Amino acid sequence: MAQKVILVDDLDHSEGTDVARREFSLLNRTFAIDLSDDNQRRLREALGLIEKVLESSREVRQASRARRPADSPVRLRGHTTTDVREWAREQGLEVPVRGRVPEEVLDRFLAAHPGAVPDREEAPDRPEPE
């Protein structure tokens, strides 16, 4: 038994012997659609306009979420940076009121407080105190 395949134009839903699968590229992607010769011509014209528009345009990129700095502050178990600053001042060490605690101060705090090991996830390259 023979079968007849009838292609239908995806834009205007018309049937015809001129309806065929048409491929086109846009923005580095390939698409396929079933179109009649007339709608294929209209698509080609529209793509031509889009190409001209893209040539005269510039891409706008969405703002990305802020990333954590590569040298993010160390988080100490059971202690805060305020604890570190207070301890440092009691030891006569200079420490800024705000901002990052100097590495030397953190190292000395860790030596004096063995239970304050830095979280491994936060400072993977920092050795545990002995």
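**Describing the side chain of Arg-85**
Note on placement: Arg-85 falls in helix H2 (residues 81-90). No salt bridge is formed by the buried Arg-85. Its closest oppositely charged neighbour is Glu-86, at 9.1 Å. Those residues in contact with Arg-85, other than ones at most four positions away along the chain, are Val-95, Pro-96, Val-97, Arg-98, Gly-99 and Val-101.

**So, the nonpolar core**
Core analysis: the biggest nonpolar cluster contains 12 residues, these being Leu-76, Val-84, Trp-87, Ala-88, Leu-93, Val-95, Val-101, Val-105, Leu-106, Phe-109, Leu-110 and Ala-116. Elements that contribute at least two residues to this core include exactly H2 and helix H3 (103-112). In terms of residues, this core owes the most to one element, H3, which gives four residues. Membership of the second largest hydrophobic core comes to five residues, among which are Phe-24, Ile-33, Leu-35 and Leu-47.

**Re the pattern of salt bridges**
Applying the stated criterion across every chain yields a total of four salt bridges. Salt-bridge contacts for Glu-23 lead to Arg-21; the nearest nitrogen and oxygen are separated by 3.3 Å. On the basis of relative accessibility, which here comes to 54%, the residue Glu-23 falls in the exposed class. The class of Arg-21 is exposed, set by a relative accessible area of 57%. Notably, a salt bridge pairs Glu-45 with Arg-41, separated by 3.2 Å at the nearest N-O pair. Placement of both Glu-45 and Arg-41 in helix H1 (residues 37-55) is noted, with a separation of four residues, approximately one turn of the helix. Residue Arg-41 is classed as partly exposed on the basis of its relative accessible area, which comes to 38%.

**What to know about the packing of aromatic side chains**
Applying the stated rule across the entire model yields two aromatic pairs. Centre to centre, the rings of Phe-24 and Phe-31 are 5.5 Å apart; their planes meet at 20 degrees, and the pair counts as stacked. Relative to Phe-109, the ring of Trp-87 has its centre 5.6 Å away and its plane inclined at 80 degrees; by these criteria the two rings are edge-to-face. Remark: Phe-109 occurs in helix H3 and Trp-87 occurs in helix H2; sequence separation between them is 22 residues. On the basis of relative accessible area, Trp-87 is assigned to the buried category, the value being 13%. Classification of Phe-109 by relative accessible area gives buried; the value is 1%.

**Points about unusual backbone geometry**
Positive phi, close to 55 degrees, is recorded for Leu-27, a residue that is not glycine. Looking at where Leu-27 falls in the secondary structure, it is placed in the loop between strand S1 (20-26) and strand S2 (29-35). Using a relative accessible area of 62% as the deciding quantity, one classes Leu-27 as exposed. The phi angle at Asn-28 is positive, at roughly 65 degrees, despite the residue not being glycine. Position of Asn-28 among the secondary structure elements: in the loop between S1 and S2.

Quick notes on the rules
- Along every chain, residues carry numbers that run from 1 in the direction the sequence is written.
- This being a predicted model, a pLDDT of at least 70 is required before a residue's local features are given, and a value of 80 or more before pairs of side-chain atoms are given or counted; all residues contribute to the totals for chains, interfaces and linings.
- Hydrogens and water are ignored here; the side-chain numbers use all heavy atoms of the structure.
- Runs of E in the DSSP output that reach at least two residues are strands. Runs of H or I that reach at least four are helices, and both are numbered from the N terminus.
- Residue exposure (1.4 Å probe, protein chains only): buried if accessible area is under 20% of the type maximum, exposed if over 50%, otherwise partly exposed.
- Counted as positive: Lys and Arg. Counted as negative: Asp and Glu, with His and the chain ends omitted from the count.
- Think of a salt bridge as a Lys or Arg side-chain nitrogen and an Asp or Glu carboxyl oxygen that are within 4 Å of each other.
- Whether two residues touch is decided by their heavy atoms; if any such pair falls within 4.5 Å, the residues are in contact.
- What we call a nonpolar core is a set of buried Ala, Val, Leu, Ile, Met, Phe, Trp, Tyr and Cys residues that are connected through their side-chain atoms within 4.5 Å.
- Classification of ring pairs uses Phe, Tyr and Trp, with its six-membered ring standing for Trp, and accepts pairs whose centres are within 6.5 Å; under 30 degrees between planes counts as stacked, over 60 as edge-to-face, and the remaining range as tilted.

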